[in-house]
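# Remarks on the overall topology
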Amino acid sequence: MSNLLYLNTENSHSLANSILKPKIDRDKIKTGIAHIGLSNFHRAHQAYYIHELIEKHDELNFGICGIDLLESDRKIYNILKDQDGLYTLVTKNADGTQEYKIIASIIEYFYGPENPLAAIERLARPDIKIISLTIAEDGYHLNETTGEFNLTHPEVEEDSVSKFNPKTVFGYLTQVFKLRKDRGLPGCTILSCDNIKANGDTIKKSFYTYVEKTEPTLLPWLKENTSFPNSMVDRITTVTSNKDIELLKKTHHIYDQWPVVCEPFSKWIIEDDFIAGRPDWEKVGIQFVKKIEPFENTKLRILNAGHSILGILGALNGYKYVHEVANDEDFILFLENYIDTEVTPNLKNTDQYNLEAYKEEVIDRFKNPYIHDRLSRICKESSSKIPIFVFPTLTKQLSNQQSIEYATFVMAAWCKYYDGIDDFGKSFDISDSLSNQLIRTAALSHQNPQLFLEKNAIFKDLVVHDLFRKRFNYYLSKLRSLPIKECLVLMNKKML
Ligand code: CS2
């Protein structure tokens, strides 16, 4: 393709005006945030907000230093290095229009596996006021049964021995704060941006547990010099496809090796507890609250659970994308019934969220046919998502002696999902760190459905509920004898 521009600083000056090219003088930006985990989500969310703040409000003190810690992050690290941290954010609207913007807020990047000490040294410098994280649900290493930090996880154990070549975020942060303390430097805020319950409290508790075991004399200093606000993050961000890369070449003559594709909706609510200061995020629409809990519960139990439910049920029917499932009335009616009957009775309307309106908005977002959000993304690592997104609803309903029918049906469908085959006989891939165990126990459940519940520690206390066990057996036997679509039609008519 002629006059194709490789995305980097030099070429960004000659970009066509149609692609909202950055109106930012990057030389003037100072780093104030280090972000661990340069996921698509981070690039569509926090890095976007910081970009807006720099571009529209001249905030120059909170540029981002990106730090990747996983082997699997090598590719994005290399690409960002190649492209001077620039990438294109493609927002796909529900009416088929698209907006493009080159994001310029990531100004430094480090790759832990290549040079852990360089990453530790960078994080220890006092210009960094916030260390934020998107390390995904499984990056927190929580014990599947107790929900507490898993000190016996192999990587955690390894980190406590080989301290200067850490694998986990806990190993890194310990060395970072040890350096800050020894050098008489100030602490900073640790801001979790993952979809886990009380994400700030969780990382704090896990980190303290790790430090207590490995570096106990650091703990009192940490308690004085760090803060851990809870936050609720929201923007559907999909897996980038080759088509997205090609389209950018065609429409804008840009070769961006990894653009990010997301929906127009974006929200971020944070508890205002930043020990070393923060940007004026309110200017770009970020909200600050005293207690995150009602906002977080609503989002995790409606949006994220809704996603997982459409993902699991849809995969059994051979669907590939969220919008396909969300535009199928039988599936969406089931989801609405689940939300109305079993989720919203345990949530509160807030100034921010009218639950009925929130549900409708979420379903409209799922229906956006242009973002092509894959079910495989949604179902990936379900074993660390379902306990956060669905179990609280089940537990609440059980303790209030209210309906558990829809949630239990979903659990039975989740078991069937690990048979790995849809109702048309086509197999699909399963990607989960517990996949061996889940597949094995799903196979055992053909003889005895209870084995799926009993042999997967994630079900914890749910297993003791006779009613849950009975209904699980019942729905699993139905799902193994009827196609999912037929089951849903009957469920929706209350005839199953
Ligand atoms: C999804 C989330 O991973 C998942 O299962 O539900 O990534 C979801 O798209 C985001 O939380 C939206 O804010």
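Our structure is the block above this text.
Let us look at the structure shown here. (Residues numbered from 1 in each chain as written. Predicted model: local features only at pLDDT ≥ 70, side-chain atom pairs only at ≥ 80, totals over all residues. Heavy atoms only, no water.)

Our focus in this paragraph is the site of the ligand. Lining the immediate surroundings of the ligand are Asn195, Val233, Asp234, Arg235, Ile236, Lys299, Leu303, Asn304, His307, Arg377, Ile378 and Lys385. Within the side chain of asparagine 304, an N or O atom sits 3.0 Å from an oxygen atom of the ligand. In this structure, histidine 307 approaches the ligand through a side-chain N or O atom, which is 2.8 Å from an oxygen atom. Out of a free accessible area of 340 Å², the ligand has 92% covered by protein chains. The element that contributes the greatest number of residues to the shell around the ligand is helix α11 (residues 293–316), accounting for four residues. Considered class by class, the residues forming the shell around the ligand number four nonpolar, three polar and five charged. (Near = heavy atom within 4 Å. Polar contact = N/O pair within 3.5 Å; in protein donor to acceptor, adjacent residues only side chain to side chain. Areas by Shrake-Rupley, 256 points an atom, 1.4 Å probe, with all protein chains shown as cover. Helix = DSSP H or I, 4+ residues; strand = E, 2+ residues; numbered from the N terminus. Nonpolar A, V, L, I, M, F, W, Y, C, P; charged D, E, K, R; others polar.)

Below, the discussion takes up the packing of α11 against helix α13 (residues 329–343). The geometry of a pair of packed helices is captured by two quantities: the angle between their axes and the separation between those axes. As a packed pair, α11 and α13 sit with axes 10 Å apart at the nearest point and diverge in direction by 140°. With respect to α13, the element α11 is oriented oblique. Crossing of α11 over α13 shows right-handed handedness. Residues Arg301, Ile302, Ala305, Gly306, Ile309, Leu310, Leu313 and Gly314 of α11 touch α13, and the partners they reach there are Phe331, Ile332, Phe334, Leu335, Tyr338, Ile339 and Val343. (Axes fitted to C-alpha atoms, helices over the stretch in contact; angles between N-to-C directions. Parallel < 35°, antiparallel > 145°, perpendicular 65-115°, else oblique. Left-handed = near helix turned anticlockwise from the far one by under 90°. Contact = heavy atoms within 4.5 Å.)

On to the pairing of strand β8 (residues 189–192). Burial of β8 is two-sided: the residues Thr189 and Leu191 facing one way and the residues Ile190 and Ser192 facing the other way are all buried. Note: strand β7 (residues 130–133) against β8, four bridges, orientation parallel. For leucine 133, the partnering residue across the bridge sits in β8 and is serine 192. (Buried < 20%, exposed > 50% of the residue type's maximum accessible area, 1.4 Å probe, protein only. Pairing = 2+ DSSP bridges.)

Moving on to the packing of aromatic side chains. Taken as a whole and judged by the stated rule, the model has 30 aromatic pairs. For the ring pair tyrosine 417 and tyrosine 418, a centre distance of 5.2 Å and an interplane angle of 90° mean the geometry is edge-to-face. Judged by its relative accessible area of 4%, tyrosine 417 is buried. Overall, tyrosine 418 belongs to the buried group, its relative accessible area being 2%. Taken together, the ring pairs in this structure connect Phe391, Trp414, Tyr417, Tyr418, Phe428, Phe452, Phe459, Phe468 and Phe472 into an aromatic cluster. When the ring centre of tyrosine 48 is taken as reference, the NZ or CZ atom of arginine 235 above it lies at 4.9 Å. (Phe/Tyr/Trp six-rings, centres within 6.5 Å; stacked < 30°, edge-to-face > 60°. Lys NZ or Arg CZ within 6 Å of the ring centre and 35° of its normal.)

Once that is clear, we can look at the packing of α11 against helix α18 (residues 405–417). Their axes nearest at 9 Å, the elements α11 and α18 cross at an angle of 50°. Relative to α18, α11 is oriented oblique. Crossing angle aside, the handedness with which α11 passes α18 is left-handed. Judged by residue contacts, Ile309, Ile312, Leu313, Ala315 and Leu316 of α11 engage Phe409, Val410, Ala413, Trp414, Lys416 and Tyr417 from α18.

With that settled, the discussion passes to the sheet that holds β8. What holds strands together in a sheet is hydrogen bonding between their backbones, with the strands either parallel or antiparallel. Pairing is parallel in the open sheet, where five strands are placed in the order β6-β3-β2-β7-β8. Unpaired on one side and paired on the other, β6 (106–111) and β8 mark the two borders of the sheet. Averaged over all adjacent pairs, the angle separating strand axes in this sheet is 25°, with direction ignored. With four bridges joining them, strand β2 (residues 31–36) and β7 adopt parallel strand pairing. In the strand pairing of β7, histidine 35 is matched with serine 132. Packing of helix α4 (residues 74–82) onto the sheet brings it into contact with β3 (63–68) and β6, and relative to β6 it is tilted by some 140°.

As for its placement among the helices and strands, threonine 226 is situated in the loop between α9 (219–225) and β9 (231–234). According to the relative accessible area criterion, threonine 226 is buried, its value standing at 8%. Separated by 2.6 Å, the side chain of threonine 226 and the backbone oxygen of leucine 222 make a polar contact.

One pass over the full model with this rule turns up 31 salt bridges. In this structure, lysine 197 and glutamate 293 form a salt bridge, with 3.9 Å as the shortest nitrogen-oxygen distance. Taken together, the residues span a long stretch of sequence, with lysine 197 in the loop between β8 and α8 (199–214) and glutamate 293 in helix α11 at a distance of 96 residues. Accessibility expressed as a relative area gives 34% for lysine 197, which makes it partly exposed. Among the ionic pairs, arginine 471 bridges to glutamate 405, the shortest N-O distance being 2.9 Å. Here arginine 471 is found in helix α21 (residues 466–481), whereas its partner glutamate 405 is found in helix α18, with 66 residues between them in sequence. Through salt bridges that share partners, Glu52, Glu55, Lys56 and Lys101 make up one connected network. (Salt bridge = Lys/Arg side-chain N within 4 Å of Asp/Glu carboxyl O.)

We now examine the state of the cysteines. Evaluation of the coordinates by the stated rule reveals zero disulfides. Counting only cysteine sulfurs, cysteine 415 is the nearest neighbor of cysteine 379, a cysteine outside any disulfide, at a range of 14 Å. A disulfide-free cysteine, cysteine 487 has its sulfur positioned 13 Å from the sulfur of cysteine 415, the nearest such atom. Of the residues examined, cysteine 487 reaches a relative accessible area of 0% and is grouped as buried. (Disulfide = S-S within 2.5 Å.)

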